[in-house]
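A look at the structure
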Amino acid sequence: MTLYSEYSKRYPELISCLVNARNSGRFAHAFMIVSPFPGVRKDFARILMQIAGCRNSINGKPDTNCRFCSQVENNTYADCHILSPIGK
C-alpha cells in the first residue's frame, strides 16, 4: 500500500480537499503541518509533494508509480527539504 493510499483512507476529507484545491488551481504555495507525531508530519509532507508535483496525476490524485512519486515516497528526491523542530 502506498503512502498516499494509506493516508487517503485515514483522512479522506483532508486529502479530498487538497486534491480539489489542486484541480481548481487554488493549491497553496506553503503549508504548516502540525501534529504531535513526527512520523505523521514527515509522511504528510511527502503526500503534499506528491499531490503538488506529480505530472501523471489523474484528476489531481498522484499516480504514485512515476519516478517523482517513488522518489518522494522513498525520501530520495533531491529537491525535498523538510524542516521540523528539534524540540518544543
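Being a predicted model, the structure only gives us computed values, none of them experimental. Per chain, the residues get numbers from 1 upward, laid out in the order the sequence is written. Given that the model is predicted, a residue must reach a pLDDT of at least 70 before its local features are reported, and side-chain atom pairs must reach 80 or more before they are shown or counted; all residues, however, enter totals for whole chains, interfaces and linings. Side-chain measures were taken over the full set of non-hydrogen atoms in the model, leaving aside hydrogen atoms and water.

1. Digging into the environment of Ile 82
Put simply, the rule reads: In DSSP terms, a helix is any run of H or I states spanning at least four residues, a strand is any run of E spanning at least two, and both are numbered starting from the N terminus. Partly exposed describes any residue whose relative accessible area lies between the buried limit of under 20% and the exposed limit of over 50%, with all areas from a 1.4 Å probe on protein chains only and scaled to the type maximum. Note on contacts: a residue pair is in contact if any heavy atoms of the two residues lie within 4.5 Å.
Tracing the sequence through the fold places Ile 82 in the segment after α4 (67-73). Judged by relative accessible area, Ile 82 falls into the partly exposed class, the value being 36%. Sequence separation between Ile 82 and Lys 42 is 40 residues, and the spatial gap between their C-alpha atoms is 7.4 Å. Beyond its immediate sequence surroundings of up to four residues, Ile 82 is in contact with Lys 42 and Ala 45.

2. Quick look at the packing of aromatic side chains
Basically, it comes down to this: Ring pairs are drawn from Phe, Tyr and Trp, using the six-membered ring of Trp, whenever the two centres fall within 6.5 Å, and their geometry is named by plane angle: stacked under 30 degrees, edge-to-face over 60, tilted for the rest. Note on geometry: a ring has a charge over it if NZ (lysine) or CZ (arginine) is within 6 Å of the ring centre and within 35 degrees of the ring normal.
Evaluated as defined, the whole model comprises four aromatic pairs. Summarising the aromatic geometry, the rings of Tyr 7 and Tyr 11 are spaced 5.8 Å apart at their centres and angled 35° between planes, so their arrangement reads as tilted. When its relative accessible area of 32% is taken as the criterion, Tyr 11 is described as partly exposed. Of the aromatic side chains, those joined through ring pairs into one cluster are Tyr 7, Tyr 11 and Phe 44. The lysine or arginine in question, Arg 10, covers the ring of Tyr 7, its NZ or CZ lying 4.9 Å from the ring centre.

3. Re the state of the cysteines
This is how it is decided: We call a pair of cysteine sulfur atoms a disulfide whenever their separation is within 2.5 Å.
Following the criterion strictly, the structure yields zero disulfides and no others. With no disulfide of its own, Cys 80 lies 13 Å from the sulfur of Cys 69, the closest cysteine sulfur.

4. Section: the packing of helix α1 (residues 3-10) against helix α2 (residues 12-23)
Condition: Note on geometry: axes are C-alpha line fits, over the in-contact stretch for helices, and angles between N-to-C directions span 0 to 180 degrees.
At a minimum axis distance of 5 Å, the contact between α1 and α2 shows a crossing angle of 115°. Each of Tyr 4, Tyr 7, Ser 8, Lys 9 and Arg 10 in α1 lies in contact with α2, whose residues at this interface are Pro 12, Ile 15 and Val 19.

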